[in-house]
Amino acid sequence: MARVCIGVGSNIEPETHIPRALALLQEAVCLTAVSTFFRTPALGAGDQPEYVNGVFGGTTRLAPRALKFGVLRRIEAQLGRRREADRYAARSIDLDLLCYDDLALVEDGLCLPDPEIARRAFWAVPLCEVAPEFMIRGEPICRLAARLHDPLEPLPDFTGRLRALLHERMP
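Just so it is clear, the model here is predicted, and its values are computed rather than measured. (Residues numbered from 1 in each chain as written. Predicted model: local features only at pLDDT ≥ 70, side-chain atom pairs only at ≥ 80, totals over all residues. Heavy atoms only, no water.)

Chemist: Just checking my understanding: could you explain the overall build of the protein chain for this structure?
Modeler: Within the protein chain one finds 5 helices and 10 strands. If you line up the protein chain on its principal axes, its C-alpha atoms span 40 × 35 × 35 Å. Relative to its 171 residues, the protein chain shows a buried fraction of 50%. Long-range pairs, those at least 24 residues apart, make up 71% of the contacts in the protein chain between residues at least 6 apart in sequence. Entry remark: accessible area of the protein chain is about 8400 Å², with carbon and sulfur atoms responsible for 53%. Considering the protein chain, the positive charge centre built from 21 side chains and the negative charge centre built from 23 side chains are found 3 Å apart. (Helix = DSSP H or I, 4+ residues; strand = E, 2+ residues; numbered from the N terminus. Buried < 20%, exposed > 50% of the residue type's maximum accessible area, 1.4 Å probe, protein only. Contact = heavy atoms within 4.5 Å. Areas by Shrake-Rupley, 256 points an atom, 1.4 Å probe, with all protein chains shown as cover. Lys, Arg positive; Asp, Glu negative; His and termini not counted. Charge placed at Lys NZ, Arg CZ, Asp CG, Glu CD.)

Here it is, written out as structure tokens:
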């Protein structure tokens, strides 16, 4: 079984889409952890609602490509995600495979660990919580996260609801 961390985000009805994503993801991945979720400013230009971001951790027997394109993208489509030319467009759900064990991989459409982790506190901080032993280019994730100062507003009530859902559904 491979240990995986999945970045989760939404700025269109996140209170609905993130719990639904958790439930759908549990059908394919043995989820074991839910990080703190944070409200964060939207990236890119334009007026759009703030995002709610966090990380799910778990294990899977699926290969990285099968997980990303066969499961994560399918769940995004089920929850109304439309991929647009603007990579920062508002979205109902965004599921990103951040890491897969300690695999380093660069191939068409899949780069592990995700290189954006080093620039995005909304992934690095929750990843530090879920997988503190994780390394990015030889550096502990928690040290890297401590250097990032993007605004993050913790959402303890929402996080608590997600953790309760996770535990309700665990075998």
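Continuing now.
Chemist: Please explain the layout of surface pockets as it appears in this structure.
Modeler: Over the atoms rolls a probe the size of a water molecule, and its path tells where empty space is left. Within this model, the second largest pocket holds a volume of roughly 160 Å³. The wall of the second largest pocket is formed by Asp 101, Asp 102, Pro 113, Asp 114, Pro 115, Glu 133, Phe 134, Met 135, Ile 136, Arg 137 and Gly 138. Its residues assigned to classes, the lining of the second largest pocket shows 5 nonpolar, 1 polar and 5 charged. (1 Å grid on protein atoms, 1.4 Å probe; cavity = no way out; pocket = protein on both sides within 12 Å on 5 of 7 lines; lining within 4 Å. Points joined across faces, edges and corners; volume = space filled by probe spheres on them. Nonpolar A, V, L, I, M, F, W, Y, C, P; charged D, E, K, R; others polar.)

Chemist: Could you clarify how one ought to interpret the pairing of strand β5 (residues 94–100) in this entry?
Modeler: The side chains of a regular strand alternate, first on one face of the sheet and then on the other. By the criterion of burial, β5 is predominantly enclosed, with 7 of the 7 residues buried. Examined bridge by bridge, strand β1 (residues 2–10) and β5 share 6 bridges and lie antiparallel to one another. Residue pairing for β5: Ile 6 is matched across the bridge by Leu 97. (Pairing = 2+ DSSP bridges.)

Chemist: Even after reading the chapter, I still don't get unusual backbone geometry, so can you show me in this structure?
Modeler: Most peptide bonds adopt trans geometry, and most residues besides glycine take a negative phi value. The omega torsion of the bond from Leu 112 to Pro 113 falls at -15°, within 30 degrees of zero and hence cis. Take Pro 113: it is sitting in the loop between β7 (110–112) and α3 (121–130). Not every positive phi belongs to a glycine, and Glu 13 is a case in point at roughly 50°. In this structure, Glu 13 sits in the loop between β1 and α1 (14–25). Of note, the phi angle at Arg 137 is positive, near 45°, even though the residue is not glycine. One can find Arg 137 in the loop between β8 (135–136) and β9 (139–140). On the basis of relative accessible area, Arg 137 is assigned to the exposed category, the value being 70%.

Chemist: Can you walk me through the state of the cysteines in this structure?
Modeler: Defined simply, a disulfide is a covalent bond joining two cysteines at their sulfur atoms. Counted by the stated rule, this structure contains 1 disulfide. We note that Cys 5 lacks a disulfide partner, and the nearest cysteine sulfur, in Cys 99, lies 3.7 Å from it. Free cysteine: Cys 111, not disulfide-bonded; nearest cysteine sulfur from Cys 99 at 12 Å. (Disulfide = S-S within 2.5 Å.)

Chemist: Teacher, can you tell me more about the packing of aromatic side chains here?
Modeler: Pairs of aromatic rings are described using the distance from one ring centre to the other and the angle between the two planes. For the structure on display, the rule yields 3 aromatic pairs. With a centroid separation of 5.9 Å and 80° between ring planes, the pair formed by Phe 37 and Phe 158 is classed as edge-to-face. Pair noted here: Phe 37 is in the loop between β2 (30–34) and β3 (38–40) and Phe 158 is in helix α5 (residues 156–169), with a separation of 121 residues, a long-range link. The class of Phe 37 is buried, set by a relative accessible area of 0%. Accessibility expressed as a relative area gives 8% for Phe 158, which makes it buried. (Phe/Tyr/Trp six-rings, centres within 6.5 Å; stacked < 30°, edge-to-face > 60°.)

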